[in-house]
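Below are the chains, spelled out letter by letter.
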Amino acid sequence: MLTIALAQMNPTVGDFDANVAAITARMQRASSDGADLLVCPELSLCAYYPGDLFEDAAFLRAMQQALNKLLEASTRWPGLVTVIGTARPNPGVGKPLYNALLAIRDGQIVAEYYKQLLPTYGIFDEGRHFEPGPPGACTLAIAGCKVGFMICEDGWNDDGRAYAINPFEALHAARPDLVVSINASPSDIGKRAQRHVVFGAACARVNLPLLFVNQVGGQDQLVFDGASFAMSPTLGVQFEAARFVEDFQLLRFAAGRFSRTDGAAFPVPDPDGISAVEFARRQIVLGLRDYARRCRFQKVVVGCSGGIDSALTLALAVEALGAPNVVAITMPSVFSSAGSVTDSVALCANLGISLTTHPIRDIVAQYEAGYAQAFDGKLQGLPLENLQARVRGTILMEYSNAFGALLLTTGNKSEISVGYCTLYGDTNGGLGLIGDLYKTEVFALSRHINASAGRELIPVAVLDKPPSAELAPGQRDTDSLPPYPVLDEILKWHIEGRRLPAQESAQALTLVDQLRETDEGRALVTRILGMVARNEYKRRQAAPIIRVRSRAFGSGRQLPIAAHYPTGDDA
């Protein structure tokens, strides 16, 4: 019988003192609880992912010093084997480092395994820093149990489609009693179910039980949901750790099955998990909370327009940081409706946050006068619309600079996709919360937040009003864009395509096919694809956004700015 302590951790990139302290505290707890084995996530010593810090000599020295401290600490609990993730030097040819799993006990490294499959796609770029580990299995006898090891991507290729080798085959040949996989698997809609399917199929094929230990927490654009699990080849998922929080659990492993330490079964995990809309909520809240904490921001500031995007951003910020740490600023112009101001007041009252009014009418008028004097013309049309957005962005950055608050942008994925935003205006800020939510999802999440609260946090008036930038008289989003239910399906089909869940993909493809049956529809699709292509330069300069879907703007979608893109029927 093997007693395992699962440590679902939220380490910080480069904070070696804190990471060592966190691992050491779990070593002490695991030993006190009678565990034989403690398992921490992938790269838990330095956190995932340091990027080019791996090229910094001081960073590498600090990482080695941190490992030395852990080895020394392990002598306090000589009977405990602790599995951690870190980077190790490659003394041979190739990239300078390995992505490593170390098993340490009583001051010694008793097993060492290097990740064989290095993801270099989407948001991942491990091939930039790591050399693939040599083929073969790594096993270790612990409390009479033969344990085999792998690291994250090593377990995602059992179908043999992505890589020439399959580490599960080597483990199958080695015949361990249990496979332990350490992971830093970022979350997106559908990722939890995907993990269960992929690893479940592999475990069933090789007839091996598996423990999957994942990182949790927000790191820049990425969020890790935890959701560590244990599965047997016949029973499937027997245990699942908490989602979006750190967790520490004891599991007993005997006769190929997992149970509580008293032999009782764990509650059967819900195969459906949580809804997509609730997932988005938790993903964004954790992402903001950790981003602010790690960047040392106590407060955030948001431009409150009275519209749905800023309302949802404020509601999520309050949930993440608390009402006292959220500031809203409304900046009415000559084109702002009375409802925009009153809706902002009602929203902030509902959320319990302060609202400051900073009108921009006189500032814009001064710009208009200066323009007329300098250029002998009238400031009007798009230049006047963008000016208002840039004045607002400047005011918000003034507040951020003066009071040390993180400015949150409020653009959604629909608008960011087609460039319906103003560079150096509403794109100003340090982090975007809803930039990976389409406009239809913004409305859905807003209604979900109200339903969850059992009261009207986001006023119905905000939910019901037609979307408008209010930068010109009577302006509506539909003056420039198709209705959002149509636009969003075109964008999903174009941007995410096969990465969409099957039902979403079919729905998007059906609508696009219907549009392409008419000249008007084909012209619309061509126009939208052209808008997406032309506005890559805006997205390149925008704030990072919290990733919710499998393909978010940022590191997960890398396209050139200067290029000719196919549109319409050739797309």
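Keep in mind that what you see is a predicted model, and the values were worked out from it rather than measured.

Turning to the overall build of the protein chain, a few remarks are in order. Of the regular secondary structure elements, the protein chain holds 16 helices and 20 strands. Principal axes of the C-alpha set define a box for the protein chain whose edges measure 85 × 55 × 50 Å. Out of the 571 residues in the protein chain, the part that is buried amounts to 55%. Put simply, of all contacts in the protein chain between residues at least 6 apart along the chain, 73% involve residues at least 24 apart. About 23500 Å² of surface is accessible on the protein chain, with carbon and sulfur atoms providing 53% of the total.

In this section: the layout of surface pockets. By volume, the second largest pocket amounts to about 1200 Å³. As for the second largest pocket, its lining consists of 42 residues, of which Tyr121, Trp156, Lys191, Gln194 and Ser550 are closest to the centre. Sorting the residues of the lining of the second largest pocket by element identifies helix 4 (191-206) and helix 14 (502-515) as the ones contributing at least two each. The biggest single contributor to the lining of the second largest pocket is helix 4, with 6 residues. Taken together, the residues of the lining of the second largest pocket break down into 19 nonpolar, 7 polar and 16 charged.

For the rest of this paragraph, the subject is empty space enclosed by the protein. With the rule as written, the count across this model stands at 1 cavity of 30 Å³ or more. Each pocket or cavity is described by its volume, and for the largest cavity that value is around 30 Å³. Grouping the constituent residues of the lining of the largest cavity by class yields 4 nonpolar, 4 polar and 1 charged.

Take threonine 409: it is sitting in strand 19 (residues 406-409). For the pair formed by threonine 409 and glutamate 153, sequence separation is 256 residues and the distance between their alpha carbons is 33 Å. In contact with threonine 409, other than residues within four places in its own chain, are Thr313, Asp426, Thr427, Asn428, Gly429, Leu431, Gly432, Leu433 and Ala543.

Turning next to the pattern of salt bridges. Counted by the stated rule, this structure contains 32 salt bridges. The salt bridge partner of glutamate 240 is arginine 192, with a shortest N-O separation of 2.7 Å. On the criterion of sequence distance, the pair formed by glutamate 240 in strand 13 (residues 236-240) and arginine 192 in helix 4 is long-range, its members being 48 residues apart. Taking relative accessible area as the criterion, arginine 192 reaches 6% and is therefore assigned buried. Across the salt bridge formed by arginine 549 and glutamate 441, the nearest N and O atoms sit 2.4 Å from each other. Of the two residues, arginine 549 sits in the segment after helix 16 (536-541) while glutamate 441 sits in helix 11 (residues 439-453), which places them 108 residues apart along the sequence. The burial state of arginine 549 is the same as that of glutamate 441; both residues are buried.

The subject of this paragraph is the environment of alanine 87. Inspection of the secondary structure puts alanine 87 in strand 3 (residues 81-89). Spatially, the C-alpha atom of alanine 87 lies 19 Å from that of proline 167, the residues being 80 residues apart in sequence.

Per the UniProt record, the feature "domain: CN hydrolase" (unreviewed entry) sits at residues 2-258. Each end of residues 2-258 is marked by a C-alpha atom, and these two atoms are 10 Å apart; helix forms 23% of the span and strand 33%.

Glancing now at unusual backbone geometry. The omega torsion across tyrosine 48 and tyrosine 49 is 15°, close enough to zero to call that bond cis. Relative to the assigned elements, tyrosine 49 resides in the loop between strand 2 (37-39) and helix 2 (57-74). Positive phi, normally seen in glycine, also occurs at arginine 175, with a value near 50°. Of note, arginine 175 is situated in the loop between helix 3 (167-174) and strand 8 (178-183). Take arginine 175: its relative accessible area is 37%, and that puts it in the partly exposed class. The phi dihedral of phenylalanine 244 is positive, around 70°, even though this residue is not glycine. Tracing the chain through its elements places phenylalanine 244 in the loop between strand 13 and strand 14 (247-254).

What follows concerns the packing of aromatic side chains. Following the criterion strictly, the structure yields 18 aromatic pairs and no others. Between the aromatic rings of tryptophan 156 and phenylalanine 199, the centroid separation amounts to 5.6 Å while the plane-to-plane angle is 85°, which identifies the pairing as edge-to-face. Highlighted residues: tryptophan 156 in the loop between strand 7 (145-151) and helix 3 and phenylalanine 199 in helix 4, separated in sequence by 43 residues. Just as tryptophan 156 is buried, phenylalanine 199 falls in that class too. In this structure an aromatic cluster arises from ring pairing among Phe16, Tyr48, Tyr49, Phe54, Phe59, Phe130 and Phe224.

Here 5 strands make up an open sheet; going across it, the order is 18-17-16-19-20 and the pairing parallel. Single-partner strands in this sheet number two, and they are strand 18 (354-357) and strand 20 (431-432). Across 4 bridges, the pairing between strand 17 (residues 326-330) and strand 18 is parallel. When the sheet's bridge partners are listed, isoleucine 329 is paired in strand 18 with threonine 356.

Per the UniProt record, "active site" (unreviewed entry) is annotated on Glu42, Lys115 and Cys152. A compact arrangement is adopted by the annotated residues: their sequence extent is 111 residues, whereas the largest C-alpha distance between any two is 9.9 Å. If you take the residues mentioned a moment ago, the ones lining the second largest pocket come down to Glu42, Lys115 and Cys152. Structurally, lysine 115 is set in the loop between strand 5 (108-114) and strand 6 (139-142). In this structure, lysine 115 is in contact with Glu42, Asn99, Glu126, Glu131, Pro132, Gly133, Ile151, Cys152, Glu153 and Asp154, ignoring residues within four places of it in sequence. Looking at lysine 115, its side chain comes within polar contact range of the side chain of glutamate 42, at 2.8 Å. The contacts of cysteine 152, once residues within four sequence positions are left out, are Glu42, Lys115, Ser181, Ile182, Asn183, Ala184, Ser185 and Phe199.

Analysis parameters
Residues numbered from 1 in each chain as written. Predicted model: local features only at pLDDT ≥ 70, side-chain atom pairs only at ≥ 80, totals over all residues. Heavy atoms only, no water. Helix = DSSP H or I, 4+ residues; strand = E, 2+ residues; numbered from the N terminus. Buried < 20%, exposed > 50% of the residue type's maximum accessible area, 1.4 Å probe, protein only. Contact = heavy atoms within 4.5 Å. Areas by Shrake-Rupley, 256 points an atom, 1.4 Å probe, with all protein chains shown as cover. 1 Å grid on protein atoms, 1.4 Å probe; cavity = no way out; pocket = protein on both sides within 12 Å on 5 of 7 lines; lining within 4 Å. Points joined across faces, edges and corners; volume = space filled by probe spheres on them. Nonpolar A, V, L, I, M, F, W, Y, C, P; charged D, E, K, R; others polar. Salt bridge = Lys/Arg side-chain N within 4 Å of Asp/Glu carboxyl O. UniProt positions renumbered as here; feature names shortened; annotations may be inferred. Phe/Tyr/Trp six-rings, centres within 6.5 Å; stacked < 30°, edge-to-face > 60°. Pairing = 2+ DSSP bridges. Polar contact = N/O pair within 3.5 Å; in protein donor to acceptor, adjacent residues only side chain to side chain.

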